[in-house]
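Coordinate analysis (summary)
Now for the letters of each chain:
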Amino acid sequence: MKYLLPTLGFAAAVAAHGYVDNATIANKVYTFYQPYQDPYISPAPQRISRPVQGNGPVTDVTIADVQCGGYSEGGIVGSSPAALHAEVAAGSEISLRWTLWPDSHVGPLVTYMARCPDAGCNNYLPGSSAVWFKVKEEGRTGTSDTWGDSKLMKAGSAATYTVPSCLKPGYYLVRHEIIALHSAYAYPGAQFYPGCHQLKVTGSGSSTPSGLVGFPGAYKGSDAGITYDSYKAQTYTVPGPSVFKC
Ligand SMILES: [Cu+2]
């Protein structure tokens, strides 16, 4: 096994932010794509999560990178499929553990899902098609300094979401993000930290959510939840569609 540490990656050169390190899905722990290790390991480890290009943000809501990560400026347009799926029953709660999140980076946690083809997600790239529905959002608590991502600023915490219990079984792509708002008073300024993982959902549900959105497409720079002064005591509206409920 070949293993080299990166010297000075583009994202390592700026202040550290983060990515999802691992997840617990149906009582199993899955290590997610490790942007500072996986590219240097041969053969590449097989993951349920799609590659992210480091711990830095996406700031342009109109490019492919806003879907599952990427580094278009450096020639890596968007992310790419992962090899594996994690099997989980509809109705289950999933825990996502981020690397320790910087306490300046206040903002919401938002999670979407998209149904993949019946063959699975591992050849599936939705492009900007409207395929996504929102399954969870956690914004600001009133006008306080408590945000969806506040819990991630302590070691050992996790973001969670629940696979809707009524969802039709099959393969699904999950898009989970933090939107950091510390520089969001003008656009571009909000920092998007999206990442995607692949599930095989089991169960007996039959729901196929409607009102789907695309990434890019769902967000505009002018959205109230994207151009926002987090230093003011004011309420906050998470961008994107309303949360799907069974
Ligand atoms: Cu940052």
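This is a predicted model, so every value here is computed, not measured.

Cut-offs used in this document
Residues numbered from 1 in each chain as written. Predicted model: local features only at pLDDT ≥ 70, side-chain atom pairs only at ≥ 80, totals over all residues. Heavy atoms only, no water. Helix = DSSP H or I, 4+ residues; strand = E, 2+ residues; numbered from the N terminus. Contact = heavy atoms within 4.5 Å. Salt bridge = Lys/Arg side-chain N within 4 Å of Asp/Glu carboxyl O. Buried < 20%, exposed > 50% of the residue type's maximum accessible area, 1.4 Å probe, protein only. UniProt positions renumbered as here; feature names shortened; annotations may be inferred. Pairing = 2+ DSSP bridges. Axes fitted to C-alpha atoms, helices over the stretch in contact; angles between N-to-C directions. Donors = N, O, S within 2.8 Å, 3.2 Å for Na, K, Ca; no water.

Points about the side chain of Ser49
With respect to the helices, strands and loops of the structure, Ser49 is situated in the loop between strand S2 (28-31) and helix H1 (65-68). Beyond its immediate stretch of four places on either side in the chain, Ser49 contacts Phe32, Tyr33, Ala82, Cys196 and His197.

Regarding the pattern of salt bridges
What the rule picks out here adds up to six salt bridges. With its nearest N and O atoms 3.7 Å apart, the salt bridge here joins Arg115 to Asp118. By relative accessible area, which is 25% here, Arg115 ends up partly exposed. Taking the shortest distance from any N to any O, the salt bridge between Lys136 and Glu138 comes out at 3.8 Å. Salt bridges linked by common partners bring Lys136, Glu138 and Lys151 together as one network.

Some details on the UniProt feature "domain: Auxiliary Activity family 9 catalytic" (unreviewed entry) in the protein
The UniProt record annotates "domain: Auxiliary Activity family 9 catalytic" (unreviewed entry) at residues 17-234. The distance from the first to the last C-alpha atom of residues 17-234 is 25 Å, and the span holds 2% helix and 28% strand.

Describing the sheet that holds strand S1 (residues 20-25)
Taken in spatial order, the four strands make up an open sheet running S2-S1-S4-S7, and their pairing is antiparallel. Edge positions in the sheet fall to S2 and strand S7 (159-162), since each has one partner strand and no second. Along the sheet, successive strands turn relative to each other by an average axial angle of 20°, direction set aside. The pairing of S1 with S2 spans four bridges and is classified as antiparallel. Bridged to Thr24 within S2 is Val29.

Here's the deal with the sheet that holds strand S8 (residues 170-180)
The five strands lie next to each other as S3-S9-S8-S5-S6, forming an open sheet whose pairing is mixed. If you trace the sheet from one side to the other, it starts and ends with strand S3 (86-89) and strand S6 (132-138), each paired once. Strand after strand, the sheet turns through a mean of 35° between neighbouring axes, direction not considered. Relative to S6, strand S5 (residues 109-115) is paired through six bridges, and the arrangement is antiparallel. If you follow Ala114 over to S6, its bridge partner there is Trp132.

Overview of the coordination of the copper ion
Listed as protein donors to the copper ion are His17 (ND1) and His105 (NE2); their distances from the metal cover 1.8 to 1.9 Å. Separated by 88 residues along the polypeptide, His17 in the segment before S1 and His105 in the loop between strand S4 (93-98) and S5 bring together distant segments of the chain.

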